[in-house]
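Per-entry structural report
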Amino acid sequence: MIYVDADACPVKAEILKVAERHNFPVTFVANSGLRPSRDPMVTNVIVSNGFDAADDWIAERCGPADIVITADVPLAGRCVANGALVTGPTGRVFDDTNIGMATAMRDLGAHLRETGESKGYNAAFSPRDRSQFLETMEKLCRRSKAIIS
C-alpha cells in the first residue's frame, strides 16, 4: 500500500505512474477535497480539519512494506517507527539512520524562525526534485516487494 499525505503534495501524478507500474494501491489522505480518480487502485480519504488528522490517519494504518510519502517530518518519524518505507516529495528517504537528525533540524529551523533569526524560505520544487522522487519511488517499490516476498 502507498499512503500519501496529499495536502499540497506536488508529486501525485508521479506516485500514480510508479504505483501503476508496480500494481500498488494508493491512498491519498487530505483535509480538503481531492480530485476523484476512476482508477480502482486509488482511494481518496478526506479527514476532519482537526490538527494532524491526516497524519494520525496515516500513522495508525501504515506498517512494514507500506510506502508513505510526506514532507511532514514528525509524521515521517511515526511511520518509520511503524516500519514503513518513507520518502518526501523531493525523494529524500527517511529511515532509522536519519530520522533523528531530520527531526532535530526541523526543530532547529522552527526555533530560528520563532526568534527571527531565519525567514524560513524553502527552495522551489524543481525538475531535479521530481526526477529524484521518481528514482526513489522506484527503489522503495522494489524494497516493498522484497519485504512482502
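Scope of this entry: the structure provided in the associated data block. Computed from a prediction, not measured in an experiment: that's the story for all the values here.

Parameters at a glance
- Residues numbered from 1 in each chain as written.
- Predicted model: local features only at pLDDT ≥ 70, side-chain atom pairs only at ≥ 80, totals over all residues.
- Heavy atoms only, no water.
- Pairing = 2+ DSSP bridges.
- Helix = DSSP H or I, 4+ residues; strand = E, 2+ residues; numbered from the N terminus.
- Contact = heavy atoms within 4.5 Å.
- Axes fitted to C-alpha atoms, helices over the stretch in contact; angles between N-to-C directions.
- Core = buried A, V, L, I, M, F, W, Y, C linked by side-chain atoms within 4.5 Å.
- Buried < 20%, exposed > 50% of the residue type's maximum accessible area, 1.4 Å probe, protein only.
- Salt bridge = Lys/Arg side-chain N within 4 Å of Asp/Glu carboxyl O.
- Phe/Tyr/Trp six-rings, centres within 6.5 Å; stacked < 30°, edge-to-face > 60°.

**Details of the sheet that holds strand S2 (residues 26-30)**
The strand order S3-S2-S1-S4-S5-S6 describes an open sheet built from six strands, whose pairing is mixed. The two strands at the open ends of the sheet, each matched to only one other strand, are strand S3 (42-46) and strand S6 (93-94). Bridge analysis of strand S1 (residues 2-5) against strand S4 (residues 67-69) gives three bridges, and the strand direction is parallel. Directly across from Val4, in S4, lies its bridge partner Ile69. Sitting on the sheet, helix H2 (residues 53-61) is in contact with S1, S2, S3 and S4, with an inclination near 165 degrees to S1.

**Quick word on the nonpolar core**
Core analysis: the largest hydrophobic core is formed by 21 residues, its most contacted members being Ile2, Val4, Ile15, Ile67, Ile69 and Met137. Of all the secondary structure elements, the ones that give two or more residues to this core are S1, helix H1 (12-22), S2, S4 and helix H5 (127-148). Ranked by residues supplied to this core, first place goes to H5 with four residues. Listed in part, the 20 residues of the second largest apolar core include Tyr3, Trp57, Val73 and Phe94.

**Topic: the pattern of salt bridges**
Throughout the structure, instances matching the rule amount to six salt bridges. Here Arg61 ties to Glu60 by a salt bridge, and the two come within 3.7 Å at their closest N and O atoms. Assessed through its relative accessible area of 39%, Arg61 is described here as partly exposed. It is possible to trace a salt-bridge network through shared partners that takes in Arg21, Glu138 and Arg142.

**Some remarks on the environment of Ser48**
Along the chain, Ser48 falls in the loop between S3 and H2. According to the relative accessible area criterion, Ser48 is partly exposed, its value standing at 48%. In the structure, Ser48 is positioned 18 residues away from Ala30 in sequence and 8.6 Å away in space, judged by C-alpha atoms. Every residue in contact with Ser48, bar those within four places of it in the chain, is listed here: Asn31 and Ala53.

**Some details on the packing of aromatic side chains**
Inspection of the entire model under this criterion finds one aromatic pair. With centroids separated by 6.1 Å and ring planes inclined at 70 degrees, the aromatic side chains of Tyr3 and Trp57 adopt a geometry described as edge-to-face. Here the residue Tyr3 occupies a position in strand S1, and Trp57 occupies one in helix H2, the gap between them amounting to 54 residues. According to the relative accessible area criterion, Tyr3 is buried, its value standing at 8%.

Everything listed here is a matter of coordinates, which is why it stays silent on function.
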